[in-house]
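Remarks on the overall topology
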Amino acid sequence: MSVSPSVQELPVAAGLAALEVAGLSAGYRQTAALQNVSFSVPRGSLLAVVGPNGAGKSTLFKVILGLVAPWTGSVHVLGRPVRDARRLVAYMPQVELVDWSFPVTVFDVVMMGSYSRLGLFRRPGKAEREAARRALETVRLADMAERQIGELSGGQQRRALLARALTSDPEVRLLDEPMTGLDATAQHDMIRLFHQLTAEGRTIIAATHDLSCVAAEFKLALLLNRRVVAFGPPREAMTQAMLNETFQRHMLWVNVDGRIFIVHG
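Residues numbered from 1 in each chain as written. Predicted model: local features only at pLDDT ≥ 70, side-chain atom pairs only at ≥ 80, totals over all residues. Heavy atoms only, no water.

Another aspect to go through is the sheet that holds strand E2 (residues 31-41). Within the open sheet, the four strands sit side by side as E2-E1-E4-E5. Their pairing is antiparallel. For this open sheet the edge positions go to E2 and strand E5 (80-81), each flanked by a neighbour on one side alone. Relative to E5, strand E4 (residues 72-77) runs antiparallel, the two sharing two bridges. Across the sheet, residue valine 77 finds its bridge partner in E5, namely arginine 80. (Pairing = 2+ DSSP bridges. Helix = DSSP H or I, 4+ residues; strand = E, 2+ residues; numbered from the N terminus.)

Right, here's the structure in full:
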């Protein structure tokens, strides 16, 4: 019986984009959620996917994860079609989509991040347990490893999910609303971790409604409403006109002491 290679055993050619989306259309039954979406994300990028509810953000993530098949177009992760790149991608769901009453410890949840890398026939061993402990240390939850996951606060639960996404050491991390419910200190810690990971060459793609955080901290912004409205550095992509078009409502930039805030009209 052959064993599928781990992420570390999959060679990555220099110069490849972390994510290449070309002419992507996808949806459910006869309803299109994405229409002719194209963009390219360099390795080591911190990208925010911004748009209203129903804009296609979740569908985009599901296509990248191989859970939804494109109608047209293509998606490649580090030069590979998504069916061959699943071990290169980790996903952090929204906190609201998780059953926190399930009787598992924080450490158990984080260990789950290693399963996709190991494949069906291998059990986690010493290396995977050490990776889980390192991930917990990275998100500052090492002292809560044996707590039941439901006992954690909302911010701590979000950090536990991020640790799970760190455990397999993927090239690309998809994060769904990672900032929701975090206080200012926890948000700062999360952003600092994002910068650390991208400096190491990893790529983070986060769907978020926190526009002020995107403007201040992210390297790239994708404004999405079924199609690409704008893509590029936040100061170029997130203009008042582009935001208004994306959200179909009036949005206003406000500059306070050099910090950008975005006001919903």
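Attention shifts here to the pattern of salt bridges. For the structure on display, the rule yields six salt bridges. In this structure, the salt-bridge partner of aspartate 189 is arginine 140, at a minimum N-O distance of 2.1 Å. With aspartate 189 in helix H6 (residues 184-199) and arginine 140 in the loop between helix H4 (126-138) and helix H5 (154-167), this residue pair connects regions lying 49 residues apart in the sequence. According to the relative accessible area criterion, aspartate 189 is buried, its value standing at 17%. As a salt-bridge pair, aspartate 189 and arginine 192 come within 3.2 Å of each other at their nearest N and O atoms. Taken together, the positions of aspartate 189 and arginine 192, both in helix H6 and three residues apart, correspond to about one turn of that helix. When salt bridges with common partners are traced through the structure, they connect Arg43, Glu171 and Arg202 into a single cluster. (Salt bridge = Lys/Arg side-chain N within 4 Å of Asp/Glu carboxyl O. Buried < 20%, exposed > 50% of the residue type's maximum accessible area, 1.4 Å probe, protein only.)

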